[in-house]
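# Observations on the three-dimensional arrangement
Below, each chain spelled out in residue letters.
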Amino acid sequence: NDEVVEVWSSILKKVSNSKLLLKTSASISKEIYKKKFEKQGVLSSVSFLNYSKNFSEHLNRYKQIDIALDPFPWNGVTTTFEAIWMNVPVVVMNGYNYNSRCGSSIIKNLKLPNLLAEDKKDYIDKAVFLAQNQNKLLETRKNLFENALKTPLFDKKKFSEDFFSLIQKIYK
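Values in this document were obtained by computation on a predicted structure and should not be read as measured data.

### Observations regarding the environment of Asp162
- Along the chain, Asp162 turns up in helix 9 (residues 156-171).
- On the accessibility criterion, Asp162 (36% relative accessible area) is partly exposed.
- Taking the C-alpha atoms as reference, Asp162 lies 22 Å from Val77; in sequence the two are 85 residues apart.

Written out as structure tokens, the structure reads:
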């Protein structure tokens, strides 16, 4: 949406030599986004990736990314987890309903409050801070996936036990 394009453009303007990689499967979307970023004066900093059906190739693209920016008000979920799997921190913004709080729920459960923004200004500030502070970025990235595995989000055994217990309770 226009709000996301405006916020992402603001980040691009504040971080010299930054690039934004966008992936879309529809060529019509690509043309719409090009016009939006051109209007913001940052089109030269935006690259469009072609959709890949090859999962390995898809994940390897995260190696080109330093920081992922979660869209709003509708967050990524799968893409947020993919970024985490690839040790790419994701800046997310708290939303106002279930659909817009998926990203913040993931980040809270990963115990990464420095990636959770309360509003657009905070979102921009957090992304710019990480981009301009390489030591903090590297520290955040270093064990991101390894640390994520230790959180409830990745504890499949506990999840299975809890789920089974609830099913038993409902059945009884």
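### Quick word on the pattern of salt bridges
- Inspection of every chain in the model, using the stated rule, returns ten salt bridges.
- Here Glu31 and Lys34 are joined by a salt bridge, their closest N and O atoms 3.9 Å apart. Within this pair, Glu31 and its partner Lys34 are both found in helix 2 (residues 27-40), separated by three residues, close to a single helical turn.
- Note on Glu31: relative accessible area 42%, which makes it partly exposed.

### Points about the sheet that holds strand 5 (residues 116-117)
- Spatially, the three strands line up as an open sheet ordered 3-4-5, and their pairing is parallel. Looking at which strands have only one partner, the edges of the open sheet turn out to be strand 3 (68-69) and strand 5.
- Of the pairings in the sheet, the one linking strand 3 to strand 4 (residues 90-93) comprises two bridges and is parallel in character. Looking at the pairing, Ala68 lines up with Val90 of strand 4.
- Its contacts with the sheet place helix 5 (residues 102-109) against strand 4 and strand 5, and it is angled at close to 125 degrees to strand 4.
- Each of strand 3, strand 4 and strand 5 is contacted by helix 6 (residues 120-132), which is oriented at about 170 degrees to strand 4, the strand it contacts most.

### Topic: the packing of aromatic side chains
- Evaluated as defined, the whole model comprises four aromatic pairs.
- Taking 5.5 Å as the distance between ring centres and 70 degrees as the angle between the ring planes, the aromatic pair formed by Phe72 and Tyr123 counts as edge-to-face. On the criterion of sequence distance, the pair formed by Phe72 in the loop between strand 3 and helix 4 (78-85) and Tyr123 in helix 6 is long-range, its members being 51 residues apart.

### Some words on the nonpolar core
- Trp8, Ile11, Leu69 and Tyr123 are the most contacted members of the largest nonpolar core, which totals 44 residues.
- Excluding residues within four positions of it along the chain, Trp8 makes contact with Leu20, Leu22, Phe37, Leu69, Asp70, Pro71 and Tyr123.

### Considerations on the side chain of Thr80
- Within the secondary structure, Thr80 is located in helix 4.
- Here Thr80 falls in the buried class, since its relative accessible area comes to 1%.
- If near-sequence neighbours (up to four positions away) are discounted, Thr80 is found in contact with Asp70, Val90 and Ile106.

### Examining helix 4
- Buried within helix 4 we find Thr80, Phe81, Glu82, Ala83 and Ile84.
- Considering only its buried residues, helix 4 is in contact with helix 3 (55-60), strand 3, strand 4, helix 5 and helix 8 (144-148).
- One or two residues past the end of helix 4 sits Asn87, with phi positive at roughly 60 degrees.

Rules used in this analysis
- Residues numbered from 1 in each chain as written.
- Predicted model: local features only at pLDDT ≥ 70, side-chain atom pairs only at ≥ 80, totals over all residues.
- Heavy atoms only, no water.
- Helix = DSSP H or I, 4+ residues; strand = E, 2+ residues; numbered from the N terminus.
- Buried < 20%, exposed > 50% of the residue type's maximum accessible area, 1.4 Å probe, protein only.
- Salt bridge = Lys/Arg side-chain N within 4 Å of Asp/Glu carboxyl O.
- Pairing = 2+ DSSP bridges.
- Contact = heavy atoms within 4.5 Å.
- Axes fitted to C-alpha atoms, helices over the stretch in contact; angles between N-to-C directions.
- Phe/Tyr/Trp six-rings, centres within 6.5 Å; stacked < 30°, edge-to-face > 60°.
- Core = buried A, V, L, I, M, F, W, Y, C linked by side-chain atoms within 4.5 Å.

The analysis is restricted to geometry; functional conclusions fall outside its scope.
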